[in-house]
Structure formats: C-alpha cells, structure tokens
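# Chains, contacts and geometry: an overview
These are the residues of each chain, in order.
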Amino acid sequence: MSTHGQFSSRIGFILAAAGSAIGLGNIWGFPTQAATHGGAAFLIIYLLLVFALAYPMLVAEIIVGRYGQGDPIKSIRALLPKNKFVGTLLGTGGLLTASGILSFYAILAGWLVAYFFAPVFNMLGMENVAVWLQEFGIARNIIFMILFMLLTILVVKSGVSDGIERWSVRLMPLLLILFVVLIAYILIQDGASEGLKMYLIPDWSHITPSLMVSAMGQAFFSLSLGSCSIMVYGSYLRKDANIPKTGAQVALLDTGVAFMAGLLILPAMFVAQKNGVQIYDDAGALISSGSLVFDVLPEMFKTMGVMGSFVAIIFFFLMIIAALTSSISMLEIPVSTAIHQYNHEREKSSWVIGLLITVFSAVIICNFDTLFGLVITITTQYGQPLLSMSYALILGWIWSRKSLLEEIKQGYPDVDRSIFWKIWPWYLRVVCPVLMLMVFVSSL
Ligand code: TRP
C-alpha cells in the first residue's frame, strides 16, 4: 500500500503509542482524580481497571488497526465487510470523540504554555505579565489555546514527522528524570508525608460507584482508547510485531508515569497547604479541582528559590512536548479520515479541521462553567468506553476466532499455546462487557 506508512521498528510504535498515551491525562487527570477520590483507594481501583479492562481493550484496538490497515472507517469496515454502516458509525463516532477531546485538551495544554512563559517574564522583572499568565481569564485561555492548536496543526500538517518522533524519544526520558528529582525534593519537605499517606494507605470507604466510573474513564483516557488513536497507530505497526507484548509495554509505561505523577502531586498539595495555600474547603472537598495541579506546581517551584524558575521552565517545556505528542494523535484521526475517505489533501485537511476544533474550543472557554466539565464527561466517561466496547464486541462475537488468531500469530507464532490466548478471547467476549455494564449501571 503506497500511501500507508509503517513504523520502521517495534520501538517506533511503542514510542509513538506511548507518546499518545502519556500526556495531560497522566500528569493532570490522574493526580486530580486521585486527590478527589481519596488517594490510595482510587490508585488501587485504577490499577485494577487498567489491568483487567483497559489492557485487553488496548490489544483489541491495536488488532483492529493492524488488520484493517487504514483510517478508522476503513479498518472497522474491514472486519464487517457486509455491514458498511457499522464502520461508518463507529469510525465517525471515534473521530468526533477525538475532536471533542482535543477541544478541551487544547485549553489545558494552553495553560501549560502560559505557565511556561510566566517564569520567563518573572525573571525579566515583568511580574504583572507573569501574574496575568497564571490567572484564569478568557483572554489568556483563548490566546494560549490557539497557540497550542497551531503547534498541533503544524505537526499534523507535515505528516507525523520524523521530527516530533525523534524529539519525543530524546525528551520523554528527560521528563522522567525530572520527575524523579522533583519527587525526591518534595518528599523531604514539611507536610509531604501527609500526602504520601493519602496516596498509599487506602481508606476503603472511598470506593463508591462514582469512583469506579471515574477510574474507568481515567484508564481509557490515559491509554488513548476508544477514539481510534491507537487503532490508527496500530495500522502503522509491522506485521511481525507481537501485539500482546507490545500493548503491555505501552500500558506499563503509561501507568508508570501516572503513578509517578501522583507521587509528586499529592505530597506537593499538602506541602502547599502547609505553606498557606487552600486546597480543601471547609467541607473537605477539593477546591477547583480543574486547576489543582496548576496551583500546586508553581507553589513547589517557588520554594526552590532562584533555581525554581529554571526548573519550572524546563518542566513546563517537557510537559508541552508530552501534551503535543498526545494532541497530534487526536487531530490525526479526523485528518487521516478526510484524506483516505474523501481524498482531501493533508495540508488543507489539517488546517480546516484544526480551525474548526479551535473554534469549538473557544466556545467552551466562553462558557467554561457549563461546557468544560460536560465535554469531558461525554467524551471520556461515555464516548471512549462505549466505542471501545463496540470494538471488543465485534472482535469477540462477530469476527471469526480463526482470523483473530491469524492476525496475532504473525508476530507471535505460538500464541495459541500461551496463557494469553487461553484467557483473552473469552475475557473480551464476556468479562469486559459485563464489567463495563456493572460500572455503568452502578453509576445510574
Ligand atoms: N492519553 C492521552 C493523555 O493521557 C490523551 C489522548 C491522546 C487521548 N489521544 C487520545 C485520549 C485519544 C483519548 C483518546 O493525555
């Protein structure tokens, strides 16, 4: 297939998929959710759900993509050639979900860009600009959302280029090292042990249906499931790659980063509280959970003195890269569909679709209190799990077991003798749908 690219190595796929998976979901979403839902209780349920629900779905989505070798609509149609409508429906659902996710993701990522510039202006002695950059405001939110969307469009427009791939290979390990250093720093501060306790010692009374739904949504979000990012990347995966193993590596990397982010942010919250920042209100509820991470981190950098500004700049720069490798995997979904299904040019599609999403994002900013949470809930707590479940049902019930085995066998010849093959197909058919149903029903 001439127009269809391929990752040159297995590591290329792992890094691209991990680049998609690791992003704001890990560093903003996960710690915020953990802090809202009692810390350790959330962590434990989250780990269980990643292992029991998200990983099997990740494998399913990679298989759909690698078998279908195309954009989401084409890939899903390949599984159900007689029923084209299902492919159109699910593929379109996926690209709309991806676009919806990008529209709120760009707002958050815009904050990162603003927080990256704030210490620069501080060092230049322009404190009032720095304050403006760190304050919630419509103008700031719109300007930096647009900046981030432009970055995303520019990358997608030139094809998911060697550039960004090579960059992220070098920069992501740096982010991890910086994490370790910051965790070591925060843990020796006054107050940190309270956060550590909350994060690691479970209080079971926090396990409620609403925690389960949030943890499920968070797991699907963090692994980029459901909205076809992984499917499209899977279509670039070489046929001799071992899908179950590759998927496990991506899931482990992603979960490791989320765990580390929690280890940094929760103690940092309590250190900030010791320093006079209000984190919980009188009733014990988290204050403005959306901006929690953005309030806590600068507090931490402030305690580092002169060094703090440099650390902040490096930290937010690396975070912007992490967010960018995720956002491009979202914009790539509608763009690749426009290219392959409707024969549009990549450059034009990237601009048109990117600008449409930018406009929608601006609408969210102008109606922040009503729309921001709503779009997040619809796309991540309902859209992603339901779409992902549909792929699992198609693979588990409709597609032939033989084709499924053949597809996996190409990169894992003796899979039929492995424990994976003994468990996973049944799991996909029965356990995943039932688990999901239970979580949904209990939330009603
Ligand atoms: N997983 C990414 C994160 O944690 C976000 C992301 C990228 C995503 N592509 C996606 C989420 C597709 C849902 C669907 O930040």
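Above this text is the structure in question.
Anyway, here's the lowdown on the structure attached to this text. All figures in this text were calculated on a predicted structure; none of them were measured in a lab.

Within the protein one finds 18 helices and 0 strands. The principal-axis extents of the C-alpha atoms in the protein amount to approximately 65 × 50 × 40 Å. Of all 444 residues assigned to the protein, the portion counted as buried reaches 58%. For the protein, the exposed area adds up to about 18200 Å²; of that, 68% sits on carbon and sulfur atoms. Averaging the positions of the 24 positive and the 23 negative side-chain charges in the protein gives two centres separated by 15 Å.

Let us look at the nonpolar core. Grouped together as the largest cluster of nonpolar side chains are 164 residues, with contacts concentrated most on M269, F301 and W424. Those residues in contact with W424, other than ones at most four positions away along the chain, are P56, V59, A60, I63, L404 and I408.

Right, let's get into the pattern of salt bridges. In this structure the tally under the stated criterion is 7 salt bridges. For the salt bridge of E407 with K239, the shortest nitrogen-to-oxygen distance reads 3.1 Å. A residue pair is termed long-range when its members are at least 10 positions apart, and E407 in helix 17 (residues 401-409) and K239 in the loop between helix 11 (229-235) and helix 12 (243-274) qualify at 168 residues. What makes K239 partly exposed here is its relative accessible area of 29%.

Here we come to the site of the ligand. By nearness alone, 17 residues border the ligand, and A21, G25, Y105, F221 and S227 come closest of all. For the ligand, an oxygen atom lies 2.7 Å from a polar atom in the side chain of Y105. Measuring from a nitrogen atom of the ligand, one finds a side-chain N or O atom of S229 at 3.4 Å. In isolation the ligand exposes 360 Å². Once the protein is present, 100% of that is buried. More than half of the atoms of the ligand fall within 2 Å of the grid points belonging to the largest cavity. When residues of the shell around the ligand are traced back to their parent elements, those giving at least two are helix 1 (10-21), helix 2 (24-36), helix 5 (84-123), helix 10 (209-222) and helix 14 (306-342). The residue inventory of the shell around the ligand, partitioned by class, reads 6 nonpolar, 11 polar and no charged.

So, about the layout of surface pockets. Taken as a whole, the largest pocket holds about 660 Å³ of empty space. Contributing to the lining of the largest pocket are 33 residues, with W28, S289, G290, F372 and I376 lying nearest its centre. Elements represented by at least two residues in the lining of the largest pocket include exactly helix 2, helix 5, helix 10, helix 13 (292-302) and helix 16 (368-398). The element best represented in the lining of the largest pocket is helix 16, accounting for 8 residues.

Let us now look at the packing of helix 2 against helix 12. For the pair helix 2 and helix 12, the least separation of the axes is 8 Å and the interaxial angle reads 60°. By the angle between their directions, the pair helix 2 and helix 12 is classed as oblique. Here helix 2 runs over helix 12; the crossing is right-handed. Across the interface between the two elements, N26, I27, F30, P31, A34 and A35 of helix 2 pack against D254, V257, A258, F259, A261, G262, I265, L266 and M269 of helix 12. Taken together, the residues that form the contact of helix 2 with helix 12 break down as 12 nonpolar, 2 polar and 1 charged.

Helical geometry: 3.6 residues make up each α-helical turn, so side chains three or four residues apart lie on a common side. Between its terminal C-alpha atoms helix 3 (residues 40-68) stretches 40 Å, which fits the 42 Å expected from 29 residues at 1.5 Å a residue. Counting buried positions along helix 3 gives 24 out of 29 residues, so the element sits mostly inside the fold. Of the residues flanking the end of helix 3, it is Q69, one or two places downstream, whose phi is positive at about 55°.

With the rule as written, the count across this model stands at 25 aromatic pairs. Between F104 and F372, the ring centres sit 6.3 Å apart and the planes meet at 90°, which makes this aromatic pair edge-to-face. Residue F104 is located in helix 5, and its partner F372 is located in helix 16; the two are separated by 268 residues in the primary sequence. According to the relative accessible area criterion, F104 is buried, its value standing at 1%. Judged by relative accessible area, F372 falls into the buried class, the value being 8%. With centroids separated by 5.1 Å and ring planes inclined at 70°, the aromatic side chains of F116 and F117 adopt a geometry described as edge-to-face. Given a relative accessible area of 30%, F117 falls into the partly exposed group. Above the ring of W426, the side-chain terminus of R401 is found at 5.5 Å from the ring centroid. Its guanidinium or amino end placed over the ring of W397, R429 lies 3.9 Å from that ring's centre, counting from NZ or CZ.

What follows is about empty space enclosed by the protein. Considering all chains together, one arrives at 2 cavities of 30 Å³ or more under this definition. Of the voids in this model, the largest cavity is the one considered here, and its volume is about 140 Å³. Lining the largest cavity we find 16 residues, and of these S20, I101, F221, S224 and M330 sit closest to its centre. Taken together, the elements giving at least two residues each to the lining of the largest cavity come down to helix 1, helix 2, helix 5, helix 10 and helix 14. Here the element with the most residues in the lining of the largest cavity is helix 14; it accounts for 3 residues.

Cut-offs used in this document
Residues numbered from 1 in each chain as written. Predicted model: local features only at pLDDT ≥ 70, side-chain atom pairs only at ≥ 80, totals over all residues. Heavy atoms only, no water. Helix = DSSP H or I, 4+ residues; strand = E, 2+ residues; numbered from the N terminus. Buried < 20%, exposed > 50% of the residue type's maximum accessible area, 1.4 Å probe, protein only. Areas by Shrake-Rupley, 256 points an atom, 1.4 Å probe, with all protein chains shown as cover. Lys, Arg positive; Asp, Glu negative; His and termini not counted. Charge placed at Lys NZ, Arg CZ, Asp CG, Glu CD. Core = buried A, V, L, I, M, F, W, Y, C linked by side-chain atoms within 4.5 Å. Contact = heavy atoms within 4.5 Å. Salt bridge = Lys/Arg side-chain N within 4 Å of Asp/Glu carboxyl O. Near = heavy atom within 4 Å. Polar contact = N/O pair within 3.5 Å; in protein donor to acceptor, adjacent residues only side chain to side chain. 1 Å grid on protein atoms, 1.4 Å probe; cavity = no way out; pocket = protein on both sides within 12 Å on 5 of 7 lines; lining within 4 Å. Sits in = over half its atoms within 2 Å of the grid points. Nonpolar A, V, L, I, M, F, W, Y, C, P; charged D, E, K, R; others polar. Points joined across faces, edges and corners; volume = space filled by probe spheres on them. Axes fitted to C-alpha atoms, helices over the stretch in contact; angles between N-to-C directions. Parallel < 35°, antiparallel > 145°, perpendicular 65-115°, else oblique. Left-handed = near helix turned anticlockwise from the far one by under 90°. Expected span 1.5 Å × (residues − 1). Phe/Tyr/Trp six-rings, centres within 6.5 Å; stacked < 30°, edge-to-face > 60°. Lys NZ or Arg CZ within 6 Å of the ring centre and 35° of its normal.

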